[in-house]
Amino acid sequence: MAIDFNNESMIFSLHTRHSTYQMQVGQFGHLLHLYYGSRIKDEMDYLIRYMDRGFSGNPYEAGLDKTYSLDALPQEYPTDGTGDYRITCMTIKNTNGTYSCDLRYKGHNISKGKYNIPGLPSIYANKDESDTLEVFLEDATNQLQVTLYYGVIENTDIITRSVRVVNCSKEALFLEKVLSANIDFLYGDYDWYGFHGRHTMERQTQRSKIVHGIQGVGSKRGASSHQYNPFLIIAESKTTEDHGNCYGLCFVYSGDFKAEIELDQYNQTRVTMGLQDEMFSYQLKTEASFYTPEVVMTFSGVGLEKLTHNYHDIFRNNLIRGKYKSMPKPILINNWEATYFDYDGKKIIDIAEQAVELGVEMLVLDDGWFGNRDGDMSGLGDWTVNEKKLGCSLHTLVNRINEMGMKFGLWFEPEMVNEDSELYREHPEWAFIIPNRDPIRSRFQLVLDYSRVEVVDYIYGKICNVLDSANIEYIKWDFNRSISDVYSRSGTSNQGAVLYHYMLGLYNLLERIVQRYPNLLIESCSGGGGRFDAGMLYYSPQIWTSDNTDSIDRIRIQEGTSFAYPISTFGSHLSAVPNHQTGRTTPFETRANVAMVGSFGYELDLNKITTIEKDQVKKQIVYFHKYWDLIHKGDYYRLTSSQDKQQFAAWQYARRDGSEALLCSVTLEIHGNMPAQYVKFKGLLPKYDYIDMNTKKRYSGKALMCAGLPMPFMTNEYQTWQVHLVKVQ
Ligand code: DGJ
């Protein structure tokens, strides 16, 4: 059992292979956090110092003891109204208008297996690999019961957290803030990594020193967002890729979130993560319960790359589901950048014919195939096939493509509606609009109210009609605006809960589709990577990483994305040059190598490429088949960092048994009389020799890792170089 409880010291110890997490029921029943770090067997309550501190109050029962203050003590689930003035996890508005909530230990339960969260995506694990701790807390005054859930997946060094709140009183109260996790560090100099960005430039890595005050990230856009990913790393200040202590917190949720860090007056660091509390006010009726989404935490004592491997392992093995969990996904061609809205059935067949000849396995028909949709001003919501535009039924089109030997995939944007659509004309009350106000339009579309069951049911029916009409093996699930004007015309008085219920509605819809079509591959998308999060990965094993297909920008985007999310989940396409987003021209080979960091595909008019490039496409497809297993299942290493001044970018995959590795680099800058560049490998076995399969030269693993290889002299920027190493038996 990975979870221990000592009845005498009242200490809980959660052990994973390399980490220990500890908390203690304090003398007054508060749950105090003791330790999170390298695995140890000691009880760490000796770390806590009790001191009389000015302006830090004491609970009443402490009596004459002025040294016990929740304003200074490390806690497991701090709440507002207890004399802790730091950021907290919970704010309750009681019926009498007060904001107090004081949670005390009532009991606990330890069991084999991992808990589930009703209606929300979460890590799954079987009984042999996981354990659950439930700690029951209660506020005796307002009769609020809170259960803290801890899932321990021992071998992957993962601890998950979630919270359940039950109102056992006779009156409704309001949850104004309910986060999922808190970690208190008693001391230490830490940096934090955040992944910020914008549309077409998502998940840029930023490392900052944690300073006094509150810092952090969040989203109020109704989606996890392009702007801030729901993922944080806290790293001791000297931590590097392969050295030092670091901690990750990743939110399994695709809507609004908040992740904050506070360095307090006593130089203690508090980190919290959970639902965004702004515009959230959840009326919890008598006997009703509320569940928070899950936070997945990990600790690495040997730097960031191990933290990354922990996340890649848990997400690949215990979050992603379905047929494509461990299978290669079809190499696809998407018509968007080739045609935008301007196509008909013939053009699509032309693209498919070209593509199948080169070995492409699936055609994805993007936006524009339904309703009155020849631009972005109309049609969303009308999920009926525009047979006039296609020149035939979808069934006929898909059959023709299948007959060529290709699979077929289709684009949807199920959460949106244009005012110029049949659906909106029939049901204007299904869109988010605040009464007596004009709504904010974005890409001329409004957001459907997925907090309403009838809306979700209707869209489900429409999607099923289309999916049942033809052999559709993939859908791209898009979401192209931030949510605003949140108001449900369902008659609910719980308007502050609407965005949370929206997410439950979305997850319910996705779950029904996943269950009904177990062989369907869903690629989630939000104008590229605006909803690249662990919540969506539960339903879609692939996410369109960015609308930016420029290789050089993609290197940075993919680097940031790689810290938490497995490479297999990155939707990545080779596109035309000059690139449609940046105007940059990069070599065909470089575009392929960068797009192979992920689930590979093409997004260009194949009629416009040269015969030499066509030949390259054939080779690339063979190449990707050869390496997909190493790329998708191997350990990923960032060999360079966008945080440094870089003349080249390099990354690498290695099988965990050290038998094979693949390195890829792209030259970012060229200058006169360039110094030689070197690159060191990772994840090899130092005592074995390796053959460079290109040059057939033999090197020891130790030499490759300690001294590396010189890179070829590049004569142009954006050139690429790859090395494939195979261990000598
Ligand atoms: C945004 C997506 O990210 C694009 O790839 C494309 O599908 C468009 N939407 C279509 O409207």
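Reading the values: the criteria
Residues numbered from 1 in each chain as written. Predicted model: local features only at pLDDT ≥ 70, side-chain atom pairs only at ≥ 80, totals over all residues. Heavy atoms only, no water. Helix = DSSP H or I, 4+ residues; strand = E, 2+ residues; numbered from the N terminus. Rg over C-alpha atoms; globule rule 2.2 N^0.38 Å. Buried < 20%, exposed > 50% of the residue type's maximum accessible area, 1.4 Å probe, protein only. Contact = heavy atoms within 4.5 Å. Areas by Shrake-Rupley, 256 points an atom, 1.4 Å probe, with all protein chains shown as cover. Lys, Arg positive; Asp, Glu negative; His and termini not counted. Charge placed at Lys NZ, Arg CZ, Asp CG, Glu CD. Expected span 1.5 Å × (residues − 1). Phe/Tyr/Trp six-rings, centres within 6.5 Å; stacked < 30°, edge-to-face > 60°. Lys NZ or Arg CZ within 6 Å of the ring centre and 35° of its normal. Pairing = 2+ DSSP bridges. Axes fitted to C-alpha atoms, helices over the stretch in contact; angles between N-to-C directions. Near = heavy atom within 4 Å. Polar contact = N/O pair within 3.5 Å; in protein donor to acceptor, adjacent residues only side chain to side chain. Nonpolar A, V, L, I, M, F, W, Y, C, P; charged D, E, K, R; others polar. Domains from an automatic or database assignment. Buried area = accessible area lost by both parts, 1.4 Å probe. Salt bridge = Lys/Arg side-chain N within 4 Å of Asp/Glu carboxyl O.

Chemist: Please give an account of the overall build of the protein chain that cites residues and values.
Modeler: Scanning the protein chain for helices and strands turns up 13 helices and 38 strands. Relative to its length of 729 residues, the protein chain is compact, with a C-alpha radius of gyration of 27 Å against a globular reference of 27 Å. Expressed as lengths along the three principal axes of its C-alpha atoms, the size of the protein chain is roughly 85 × 70 × 45 Å. Per-residue burial over the protein chain gives 62% buried out of 729 residues. Within the protein chain, residue pairs in contact and separated by at least 24 positions form 69% of the contacts whose partners lie at least 6 positions apart. When the accessible surface of the protein chain is summed, it comes to about 27400 Å², and 49% of that surface belongs to carbon and sulfur atoms. Side chains of the protein chain carry 74 positive and 90 negative charges; the gap between the two charge centres is 4 Å.

Chemist: Tell me what's going on with helix α3 (residues 345–358), and back it up with residues and numbers.
Modeler: Here α3 contains 14 residues, and its C-alpha end-to-end distance of 20 Å stays within 8% of the 20 Å for a straight helix at 1.5 Å per residue. Listed in full, the buried residues belonging to α3 are G345, I348, I349, I351, A352, A355 and L358. Packed against the buried residues of α3 are β21 (332–334), α2 (336–339), β22 (362–365), α4 (387–390), α5 (394–404) and α12 (611–633). Two residues or fewer after α3 comes G359, characterised by a positive phi angle close to 110°.

Chemist: Before we move on, can you summarise the packing of aromatic side chains with the specific residues and values?
Modeler: Enumeration over the complete set of coordinates arrives at 47 aromatic pairs. On the numbers, 5.2 Å between centres and 50° between planes, the contact of F532 with Y565 is tilted. Taken as a pair, F532 in the loop between β27 (521–524) and α9 (534–537) and Y565 in the loop between α10 (551–562) and β29 (570–575) lie far apart in primary sequence, 33 residues in all. Comparing F532 with Y565, the two get one shared label, buried. An aromatic cluster is built from Y193, F195, F231, Y311, F315, F532, F563, Y565 and F570, whose rings are joined through pairwise contacts. The ring of Y538 is capped by R321, whose NZ or CZ atom sits 3.6 Å from the centre of that ring.

Chemist: Go over the sheet that holds strand β2 (residues 11–15), please, and point to the residues and values.
Modeler: The four strands lie next to each other as β1-β2-β3-β4, forming an open sheet whose pairing is antiparallel. Whereas interior strands pair on both sides, the edge strands pair on one side only; in this sheet they are β1 (3–6) and β4 (31–38). In this sheet, neighbouring strand axes are inclined to one another by 15° on average, regardless of whether the strands run parallel or antiparallel.

Chemist: I'd like a rundown of the sheet that holds strand β36 (residues 698–700), residues and numbers included.
Modeler: With antiparallel pairing, six strands are arranged side by side in an open sheet as β31-β32-β33-β38-β35-β36. With partners counted over all chains shown, the strands left at the sheet margins are β31 (635–638) and β36, one partner each. Neighbour-to-neighbour, the strand axes of this sheet turn through a mean angle of 25°, independent of strand direction. One ladder, built from three bridges, connects strand β35 (residues 689–692) with strand β38 (residues 720–727); its direction is antiparallel. Each bridged residue has a counterpart across the sheet, and for I691 the counterpart in β38 is V726. Across the sheet, helix α11 (residues 588–595) is in contact with β32 (648–654), β33 (660–667) and β38; its angle to β38 comes to roughly 50°.

Chemist: Go over the site of the ligand, please, and point to the residues and values.
Modeler: Taken together, 13 residues lie around the ligand, and D366, D367, K476, D478 and D547 are the ones closest in. At 2.7 Å from a nitrogen atom of the ligand is found a side-chain nitrogen or oxygen belonging to D478. Contact distances for the ligand include 3.0 Å between an oxygen atom and a backbone N or O atom of G528. Partitioned by chemical class, the residues of the shell around the ligand number four nonpolar, three polar and six charged.

Chemist: So what about the side chain of D131? Which residues, and what values?
Modeler: Among the structural elements, D131 can be located in strand β7 (residues 130–139). Residue classification places D131 among the buried positions, given a relative accessible area of 2%. At 3.5 Å, the side chain of D131 and the backbone nitrogen of A2 are in polar contact. Apart from the residues within four sequence positions on either side, D131 is in contact with M1, A2, I3, S111, K112, G113, Y150, G151 and V152.

Chemist: Can you lay out the domain arrangement of the protein chain for me, pointing to particular residues and giving the numbers?
Modeler: Under the domain assignment used here, the protein chain contains domain 1 (3–318), domain 2 (332–633) and domain 3 (642–727). Placing the centre of domain 1 and that of domain 3 at their C-alpha centroids yields a distance of 40 Å. In this assembly, nine residues from domain 1 lie in contact with four residues from domain 3. Both sides together, the interface formed by domain 1 and domain 3 hides about 400 Å², and carbon and sulfur atoms give 23% of it. Salt-bridge contacts for D242 lead to K682; the nearest nitrogen and oxygen are separated by 3.0 Å. Applying the counting criterion to the domain 1 and domain 3 interface returns five residue pairs in polar contact (both at pLDDT 80 or more).

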